[in-house]
Amino acid sequence: MADYRIETVRNDHRDWTARNDRGAEVRIGAADDPSVQPSFTPVELLLAALGGCGGLVVDRTARAVPHPDLRITVESRSLPEDDGRVGAVRVTYEMALPEGDDRAFDVFARGVRLTHEKYCTVSRTVEHGARVEAVLPDGTVGFAAG
């Protein structure tokens, strides 16, 4: 029924592993806990998902412009008024555009715009939000929002 399924299992205190059905896994831990390093924090995984989704989609939307050296950096800034949420997010695309190709910038910029306006599921979900339900062990919904 689900389009995506990730299982997250506890290894130890503040030490978790997320796995997909294809066998990939990533360690999740607190940034301030040296016993769980190396690991990603949940927010870092969200930012990585934005960068990864952007990269995978821009490979398709901007394929007319060679971009083998493309680097995508995703940063967030949170303020106290963000109330425990990620604040502003900036996705930066860095690469050397082909010399002598005046259209390359416009084609690449259009590809990036389409990536975020239409095709990157992660970016569009972060921008618009999604319904979240927390289901308890007895099958009841303990929390729902969105």
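Cut-offs used in this document
Residues numbered from 1 in each chain as written. Predicted model: local features only at pLDDT ≥ 70, side-chain atom pairs only at ≥ 80, totals over all residues. Heavy atoms only, no water. Core = buried A, V, L, I, M, F, W, Y, C linked by side-chain atoms within 4.5 Å. Buried < 20%, exposed > 50% of the residue type's maximum accessible area, 1.4 Å probe, protein only. Helix = DSSP H or I, 4+ residues; strand = E, 2+ residues; numbered from the N terminus. Contact = heavy atoms within 4.5 Å. Disulfide = S-S within 2.5 Å. Salt bridge = Lys/Arg side-chain N within 4 Å of Asp/Glu carboxyl O. 1 Å grid on protein atoms, 1.4 Å probe; cavity = no way out; pocket = protein on both sides within 12 Å on 5 of 7 lines; lining within 4 Å. Points joined across faces, edges and corners; volume = space filled by probe spheres on them. Nonpolar A, V, L, I, M, F, W, Y, C, P; charged D, E, K, R; others polar. Expected span 1.5 Å × (residues − 1). Pairing = 2+ DSSP bridges. Lys, Arg positive; Asp, Glu negative; His and termini not counted. Polar contact = N/O pair within 3.5 Å; in protein donor to acceptor, adjacent residues only side chain to side chain.

**Student:** Looking at this structure, how should I read the nonpolar core?
**Tutor:** Soluble, globular proteins show a tendency: their nonpolar side chains are buried together. Residues Val 58, Ala 62, Val 65, Leu 70, Tyr 93, Ala 104, Val 107, Phe 108 and Val 112 constitute the largest nonpolar core, which totals nine residues. It is helix 2 (residues 104-119) that provides the largest number of residues to this core, a total of four residues. Among all residues touching Phe 108, those that are not within four sequence positions of it are Val 58, Ala 62, Val 65, His 67, Leu 70, Tyr 93, Met 95 and Leu 97.

**Student:** Help me understand the state of the cysteines in this model?
**Tutor:** Such a bond, covalent and formed between the sulfur atoms of two cysteines, is termed a disulfide. The full count for this structure, using the stated rule, is one disulfide. Across the disulfide from Cys 53 sits Cys 120; the S-S distance is 2.4 Å. Within this pair, whereas Cys 53 is found in helix 1 (residues 42-61), its partner Cys 120 is found in the loop between helix 2 and helix 3 (121-128), the two being separated by 67 residues in sequence. This pair shows no difference in class: Cys 53 is buried, exactly as Cys 120 is.

**Student:** Looking at this model, I keep getting lost on the pattern of salt bridges. Mind explaining?
**Tutor:** Where charged atoms from two side chains of opposite charge come close, those side chains can pair. Evaluated as defined, the whole model comprises six salt bridges. A salt bridge links Asp 21 to Arg 5; its shortest N-O distance comes to 3.6 Å. Residue Asp 21 is located in the loop between strand 2 (15-20) and strand 3 (25-29), and its partner Arg 5 is located in the segment before strand 1 (6-12); the two are separated by 16 residues in the primary sequence. Owing to a relative accessible area of 62%, Asp 21 belongs among the exposed residues under this scheme.

**Student:** What exactly am I supposed to notice about the layout of surface pockets here?
**Tutor:** To find the voids left in a structure, one rolls a probe of water-molecule size over its atoms. When its volume is computed, the largest pocket comes out at roughly 1200 Å³. Lining the largest pocket we find 29 residues, and of these Tyr 4, Ile 6, Leu 45, Ala 49 and Val 122 sit closest to its centre. Here the lining of the largest pocket takes nine residues from helix 1, the largest share from any one element. Reported here for the second largest pocket is a volume of approximately 200 Å³. Across the lining of the second largest pocket, the residue classes break down as four nonpolar, one polar and one charged.

**Student:** Explanation requested: helix 1 in the structure shown.
**Tutor:** Each α-helix turn comprises 3.6 residues. Residues three or four places apart therefore point the same way. For helix 1, which comprises 20 residues, the first-to-last C-alpha distance of 28 Å matches the rise-based estimate of 28 Å (1.5 Å per residue) to within 8%. Regarding helix 1, the residues found buried are Leu 47, Leu 50, Gly 51, Cys 53, Gly 54, Gly 55, Val 57, Val 58 and Thr 61.

**Student:** Just checking my understanding: could you explain the pairing of strand 3 for this structure?
**Tutor:** A regular strand places its side chains on the two faces of the sheet in alternate fashion. Bridging between strand 2 and strand 3 involves five bridges; their strand directions are antiparallel. Its bridge partner lying in strand 3, Arg 19 is registered against Glu 25. In this structure, the hairpin formed by strand 2 and strand 3 is closed by a connection of four residues, where Gly 23 is found at a positive phi of approximately 95°.

**Student:** In this structure, what is going on with the environment of Cys 120? I would like to understand it.
**Tutor:** The class of Cys 120 is buried, set by a relative accessible area of 0%. Separated by 70 residues in the primary sequence, Cys 120 and Leu 50 place their C-alpha atoms 8.1 Å from one another. In this structure Cys 120 touches Cys 53, Gly 54, Val 57 and Thr 115, once residues within four positions along its chain are discounted.

**Student:** Mind showing me how you'd approach the side chain of Asp 82 here?
**Tutor:** Position of Asp 82 relative to the elements: it lies in the loop between strand 4 (71-77) and strand 5 (88-94). With no salt bridge to any partner, buried Asp 82 finds its closest opposite charge in Arg 85, at an N-O distance of 5.4 Å. A polar contact of 2.6 Å, which involves the side chain of Asp 82, links it to the backbone nitrogen of Leu 79. Discounting chain neighbours no more than four positions away, the residues touching Asp 82 are Arg 77 and Gly 87.

Just distances and angles here, no functional claims.
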